[in-house]
Each structure stands twice: as structure tokens, then as C-alpha cells.
Amino acid sequence: MERFDVAIVGAGPAGCRAAWRMARAGARVAMLDGSHPREKPCGGGVTGRALDVVRDAIDCGRIEAVPICGATFEHGSRRVRMAFDDGASTSPGLVVASRARFDAALLAAAVEAGAALVAERVTDVSRDGEDWRIATRGLPVRAGWLLGADGPNSLVRRRLVRPFARADLSIATGFFVHGVTAPDIAVAFEDDPPGYLWSFPRLDHLAVGVCAQADAASTSALVPLASQWIARNVPAATNLERYSWPIPSLREATLQREEPAGPRWMLLGDAGGMVDPITREGIFFALLSAEAAADSLIESVGDPAASYAARIHATVYDELIRAARLKARFFNPHFTSLLIRALEKSAALRAVMVDLIAGRQPYRGLRRRLLATMEVKLMFEMLRG
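So, here is what we can say about the structure in this document. All figures in this text were calculated on a predicted structure; none of them were measured in a lab.

What counts, and at which threshold
Residues numbered from 1 in each chain as written. Predicted model: local features only at pLDDT ≥ 70, side-chain atom pairs only at ≥ 80, totals over all residues. Heavy atoms only, no water. Helix = DSSP H or I, 4+ residues; strand = E, 2+ residues; numbered from the N terminus. Rg over C-alpha atoms; globule rule 2.2 N^0.38 Å. Buried < 20%, exposed > 50% of the residue type's maximum accessible area, 1.4 Å probe, protein only. Pairing = 2+ DSSP bridges. Axes fitted to C-alpha atoms, helices over the stretch in contact; angles between N-to-C directions. Right-handed = clockwise from strand over helix to strand, strands pointing away. Parallel < 35°, antiparallel > 145°, perpendicular 65-115°, else oblique. Left-handed = near helix turned anticlockwise from the far one by under 90°. Contact = heavy atoms within 4.5 Å. Nonpolar A, V, L, I, M, F, W, Y, C, P; charged D, E, K, R; others polar. Salt bridge = Lys/Arg side-chain N within 4 Å of Asp/Glu carboxyl O. Core = buried A, V, L, I, M, F, W, Y, C linked by side-chain atoms within 4.5 Å. Polar contact = N/O pair within 3.5 Å; in protein donor to acceptor, adjacent residues only side chain to side chain. Phe/Tyr/Trp six-rings, centres within 6.5 Å; stacked < 30°, edge-to-face > 60°. Lys NZ or Arg CZ within 6 Å of the ring centre and 35° of its normal.

**Some points on the overall build of the chain**
No. 1: In terms of helices and strands, the chain carries 13 helices and 18 strands.
No. 2: For 385 residues, the compact-globule formula gives about 21 Å, and the C-alpha radius of gyration of the chain, at 21 Å, lands near that figure.
No. 3: A principal-axis box enclosing the C-alpha atoms of the chain has dimensions of 60 × 45 × 45 Å.
No. 4: Put simply, the chain has 385 residues, and 57% of those count as buried.

See the structure below:
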């Protein structure tokens, strides 16, 4: 049984980034995943700030992606478009990439740095003296540290903490619409159930999906919303490929009590609930968690698990808690209607929304910036309660 310093279950962006950082620092790292890189059933949006994190490991310019020119927001019969390119940025604020290609680049970088890929599905994890024993369908692996980067259905999380409650998950479902693409993303707010629909353009198809909180919606209720949007906006579409998956969308109280680490283990990315509960964007936060995990283990000062938990609560969870506080108001029909009307009138507010989508505007400072746009009614709605 081969022994490593660190075993990472999951070779998505969080797992690969953590492996790359630690392998370069001289650690013996194993990534265990029997399916990556794969095409993930999602929109595929990668923000500029996420790309900035990984530019030292991969050539982002060589990953085939669609740079986003603008975004259209819809609510009922109202629709407003916002341009992404302000002429001042040298790189796009948002691109839509094939996750298979993006993840493959991160995986190749980690392997080149010295991390080992164990292409096996993990079936169990358990303590083995001072080490961890990671069971697979093939040979097991031993490691001093265990990192769970295995997504919302994380086996590591289920074994060491608890699975996510249904109220802390979103359901997302939709279609890959093959043979058609576009320069813009589209977002349509849905009132019943509260959530939103998106259309993200990829190189040769659209990823159209809709999501809502799992305790308020079902897949059978969401699929017709996606089908109807496609019929209205892409009437010639015939080649549709269905997809669905869960997304962590944690409540404020859940985020406050989350335990992302313990004795010789850490949870990264989706496995730790590190997804924006409003936009459902998680790649940037996954990469931040990988950076925090690597820093905590490489520095080896005090307890790395405690260091990691403190970093995550001060950065990632702090931002997600702010989003969770706004979420109910954000998807309230009255607020949504007010938002769309304000976007139609205010260029300053459109700039705020573009920056929020692109990840340039954090939730910390959002209210202050909204106030600067002089959209007083919208600010009042956000401050209520």
C-alpha cells in the first residue's frame, strides 16, 4: 500500500489546484478520481478572478472558451441588456469554457508538478493509526492528510461530518442545446419556484438550465421552464441533451456552523459548501479553498486544520454569508421587478450588476456601491429586515 503525505479525493479545480501547490512545495500528493477530467453538467462560466488564480499553472489563453460580450436579464415581459466590455479591461471578466478542457489543463499541471493521479473511484475512507486509509476498487492508499474535494455528494464529507440538508441544496436542470451558440449570457428570474434560468454559450452549443432551492422545487417543476425558454428563444433547436445535478446553496445559519476541517482532514470547494447561494458560482471559491489548504499545510505552523478553518471562515464563508442574507430578497418578485426597471434606467447600476456577475464586485461593499448609483428604492429594499 503506497503512502503519501496528502491524499486528495476529487480531481476537479479545487483538488488539482491544491495538488499543484503542494507538489511544487515538495509534498508527496495523490489525487484519487476515476472520472476526471469530464464534462460537468453546468453553465461553464469561469470568472476573470478565477482565471487569475490559476494563471501561474496553466495557459488560460489556450483553453478554448467563449468570451462573454454581454448579459441579458429578464423578468416577466421586461428585458434589459448590459455590455461586459467597457474598453478598459485587457482580459474578459467572464468566459464560458468546456469544463472537460479547463479541468484537464489543471489536472495536467498538477501531474507535471509531481502529483500522482490514482484513476480510481474512492469507496471509503477511515483512520489507520496516525494515517488515513483510502479504499478504492483497486489498491488502497495511505496518507497523513485527507482532503475532500469530491463535490456536493462528497463521500469524505458524509464519512467525517454530515451530508448537506435538502434545504442547503439547489436543484439545477436543463439542456445542452447543440448546434447553436451566442455572444451573450441570458438570465431570466423565475417567481415560482423562486430561482433563475440561464443560457450560457459554449463553442458549439448553449447550456440552458434553471435552478431553485431543493426544498422549494422539484426537477419535474423546473424542466418545463427550461423547455419553454428554449422554445421562445431558440425555436429551431432540435438536438437537446438533458442534464441535472445538485448545487450547494447554504443558508446563513449553516454557513455559520460549517466545519471545513478537523484532525488531519479538510473539505474543499463544493464539498465544503463553498458556492455563492445567489449566483451558484463555485469555481472561484473552490480555488480559494485550495489556496488556503495548501498555505495551511505548507506553512506547518501550529495546527494546519485550525489554520485552514480560520482562513475559510474569514474569507470564503464571510462572503457567502453576506450573499445568503440577501438571497431571499434577491429572488422576491417585487425586488426583482424593481431591479429590472432600475437596470433599464441606470447605466451605473448596470455596471454594478456586470461586476457582480464577473466576480469583480464582492457582496461586501455592494450596498454602499448601490447607494452611490442613487437607486434609493432598490437600496431601501436591500436594507429592509
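**As for the sheet that holds strand β3 (residues 45-47)**
No. 1: The 3 strands are arranged β3-β7-β4 in an open sheet whose pairing can be described as antiparallel. Unpaired on one side and paired on the other, β3 and β4 (65-67) mark the two borders of the sheet. Each neighbouring strand pair of the sheet contributes to a mean axis angle of 30 degrees, computed without reference to strand direction.
No. 2: Note: β3 against strand β7 (residues 94-97), 3 bridges, orientation antiparallel.

**So, the pairing of strand β2 (residues 29-32)**
No. 1: Here β2 shows a buried face lined by Val 29 and Met 31 and a second buried face lined by Ala 30 and Leu 32.
No. 2: By the bridge criterion, 4 bridges tie strand β1 (residues 2-9) to β2 in an arrangement that is parallel. Across the sheet, residue Ala 7 finds its bridge partner in β2, namely Ala 30.
No. 3: Following the chain from β1 across helix α1 (residues 13-24) to the adjacent parallel β2, one finds a crossover that is right-handed.
No. 4: Inspection of the sheet shows β2 paired to strand β8 (residues 116-118) by 3 bridges, in the parallel sense. By the bridge assignment, Met 31 is partnered in β8 with Leu 117.

**Focus: the packing of helix α7 (residues 283-299) against helix α8 (residues 304-314)**
No. 1: One can describe the packing of α7 onto α8 by two numbers: an axis separation of 9 Å at closest approach and a directional angle of 150 degrees. Between α7 and α8, the crossing angle belongs to the class labelled roughly antiparallel. Crossing angle aside, the handedness with which α7 passes α8 is right-handed. Two secondary-structure elements touch here, α7 through Ser 289, Ala 292, Ala 293, Asp 295, Ser 296, Leu 297 and Glu 299 and α8 through Pro 304, Ser 307, Tyr 308, Arg 311 and Ile 312.
No. 2: The residue makeup of the contact of α7 with α8, split by class, is 6 nonpolar, 3 polar and 3 charged.

**Re the pattern of salt bridges**
No. 1: As enumerated under the stated definition, the model contains 27 salt bridges in all.
No. 2: Salt-bridge contacts for Asp 131 lead to Arg 3; the nearest nitrogen and oxygen are separated by 2.8 Å. Placement of Asp 131 in strand β10 (residues 131-136) and of Arg 3 in strand β1 is noted, with a sequence separation of 128 residues between them.
No. 3: Note that Glu 291 is salt-bridged to Arg 21, the shortest N-O span being 3.2 Å. Of the two residues, Glu 291 is situated in helix α7 and Arg 21 in helix α1; the sequence distance between them amounts to 270 residues. Neither Glu 291 nor Arg 21 differs from the other in exposure class; each is buried.

**Some points on the nonpolar core**
What tends to happen in soluble globular proteins is that the nonpolar side chains get buried as a cluster.
No. 1: With 77 residues, the main nonpolar core has Ile 8, Met 22, Phe 102, Leu 147, Met 266, Leu 268 and Tyr 308 as its most contacted residues.
No. 2: If you tally residues by element for this core, the top one is α7, at 10 residues.
No. 3: In contact with Tyr 308, other than residues within four places in its own chain, are Pro 260, Ala 261, Met 266, Leu 267, Leu 268, Met 274, Ser 289, Ala 292, Ala 293 and Ser 296.
No. 4: Of all hydrophobic cores here, the second largest spans 43 residues; its members include Cys 42, Leu 326, Val 354 and Ala 358.

**Overview of the environment of Glu 252**
No. 1: Looking at the secondary structure, you find Glu 252 in helix α6 (residues 252-257).
No. 2: Separated by 31 residues in the primary sequence, Glu 252 and Ile 283 have C-alpha atoms spaced 20 Å apart.
No. 3: Other than its neighbours up to four places away in sequence, Glu 252 contacts Ile 321, Ala 324 and Arg 325.
No. 4: Within the local environment of Glu 252, its side chain forms a polar contact with the side chain of Arg 325, the two groups lying 2.9 Å apart.

**Topic: the sheet that holds strand β13 (residues 184-190)**
No. 1: One open sheet holds the 7 strands; their spatial order is β6-β5-β13-β14-β15-β12-β16, and the pairing between them is mixed. Taken across any chain shown, the strands that pair with only one partner, and hence form the sheet edges, are β6 (78-83) and β16 (240-248). Going from strand to strand, the sheet's axes swing by 15 degrees on average, the running direction of each strand aside.
No. 2: Both β13 and strand β14 (residues 195-201) contribute to a ladder of 5 bridges, which runs antiparallel. Paired with Glu 190 across the strands is Gly 195, a residue of β14.
No. 3: Lying over the sheet, helix α10 (residues 333-345) contacts β5 (70-75), β6 and β13, oriented at roughly 55 degrees with respect to β6.
No. 4: Across the face of the sheet, helix α11 (residues 347-358) comes into contact with β5, β6 and β13 while running at roughly 75 degrees to β6.

**Notes on the packing of aromatic side chains**
In this description, an aromatic ring pair is defined by two values, namely the gap between the centres and the angle between the planes.
No. 1: Tallied over the full model, the rule gives 11 aromatic pairs.
No. 2: Here the aromatic rings of Trp 198 and Trp 245 are separated by 6.2 Å at their centres, their planes lie at 75 degrees, and the arrangement is edge-to-face. Within this pair, whereas Trp 198 is found in strand β14, its partner Trp 245 is found in strand β16, the two being separated by 47 residues in sequence. Accessibility assignment for this pair places Trp 198 and Trp 245 in one class, buried.
No. 3: The interplanar angle of 65 degrees and the centroid separation of 5.5 Å between the aromatic rings of Phe 284 and Phe 285 together place this pair among those described as edge-to-face. A single burial state applies to Phe 284 and to Phe 285, both of which are buried.
No. 4: Grouped by ring-pair contacts, the aromatic residues Phe 73, Phe 176, Phe 189, Tyr 196, Trp 198, Tyr 243, Trp 245, Phe 330, Phe 331 and Phe 335 constitute a single cluster.
No. 5: Arg 28 extends its terminal NZ or CZ atom over the ring of Phe 4, reaching a point 4.8 Å from the ring centre.
No. 6: The side chain of Arg 157 reaches across the aromatic face of Phe 164, ending 3.8 Å from its centre.

Treat this as a map of the structure, not an account of what it does.
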